[in-house]
Amino acid sequence: MPDSSLRAARPVGSVDEAVDVLREGGGRATSARRAILDVLFATTDPLSTEQIAQRAVPVQDVPSTYRNLEHLETVGLVRHVHFGHGPGLYELVADQERWYALCESCGSVSAFSPDDLDAMATMIDERIGYRIRFAHFPLVGLCRDCRGDDRPAG
Ligand SMILES: [Zn+2]
Ligand SMILES: [Zn+2]
């Protein structure tokens, strides 16, 4: 699935603000959608559809949770990231995009700011004409623990 966060993101600070965005988009702020938003506001970790369905109060079924997440994504409130070969994990859209790095040996994930890679982003764009982005798919490499190295390279 293409990354809908390439469309207009609508970061919000509360479930009430999210409800306004939903209504603006002509969608309904159903209790199921609010319950999903409550789950996402309670964490900064991207969550699977199953985790969200399970944590929602009351617990939701997975297929309707998936459809509701897709709707929340369409209106710009929610986005998803894939770690490894896994399915999309969902998180709230933030003011500043969160990028991820994934260790392909131990599977650990860390979040970082796009600003951290500014210089590299410019260089890659100049040399190969791509604008890098590690929000939908993470940067993949080996973490310091797996390299047996505790200091940054270079
Ligand atoms: Zn995707
Ligand atoms: Zn590792």
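Note that this is a predicted model, so its numbers are computed, not measured.

Now for the pattern of salt bridges. Inspection of every chain in the model, using the stated rule, returns four salt bridges. Between Arg98 and Glu91 there is a salt bridge whose closest N-O contact spans 3.0 Å. Here Arg133 and Glu97 are joined by a salt bridge, their closest N and O atoms 2.6 Å apart. Of this pair, Arg133 sits in the loop between α5 (118-128) and β5 (139-141) while Glu97 sits in the loop between β2 (88-92) and β3 (99-103), and the two are 36 residues apart along the sequence. Taking relative accessible area as the criterion, Arg133 reaches 25% and is therefore assigned partly exposed. We classify Glu97 as partly exposed; its relative accessible area is 25%. The network of salt bridges with common partners includes Arg79, Glu91 and Arg98.

This part takes up the domain arrangement of the protein chain. Domain annotation for the protein chain reports domain 1 (4-92) and domain 2 (99-147). A C-alpha centroid distance of 25 Å is found between domain 1 and domain 2. Domain 1 puts eleven residues into the contact, and the matching count from domain 2 is eight residues. Per-element tally for the side of domain 1 that touches domain 2: the top contributor is strand β1 (residues 78-82), with four residues. Tallied by class, the residues present in the side of domain 1 that touches domain 2 amount to four nonpolar, five polar and two charged.

We now examine the sheet that holds β5. Pairing is mixed in the open sheet, where three strands are placed in the order β4-β3-β5. Sheet topology places β4 (109-112) and β5 at the edges, where each strand pairs with a single neighbour. Taking each pair of neighbouring strands and ignoring which way they run, the sheet shows an average axis angle of 25°. Of the strand pairs in this sheet, β3 and β4 are connected by four bridges, and their pairing is antiparallel. Bridge pairing in β4 links Trp99 to Phe112.

Definitions and limits used
- Residues numbered from 1 in each chain as written.
- Chains lettered and ligands numbered in written order.
- Predicted model: local features only at pLDDT ≥ 70, side-chain atom pairs only at ≥ 80, totals over all residues.
- Heavy atoms only, no water.
- Salt bridge = Lys/Arg side-chain N within 4 Å of Asp/Glu carboxyl O.
- Helix = DSSP H or I, 4+ residues; strand = E, 2+ residues; numbered from the N terminus.
- Buried < 20%, exposed > 50% of the residue type's maximum accessible area, 1.4 Å probe, protein only.
- Domains from an automatic or database assignment.
- Contact = heavy atoms within 4.5 Å.
- Nonpolar A, V, L, I, M, F, W, Y, C, P; charged D, E, K, R; others polar.
- Pairing = 2+ DSSP bridges.
- Axes fitted to C-alpha atoms, helices over the stretch in contact; angles between N-to-C directions.

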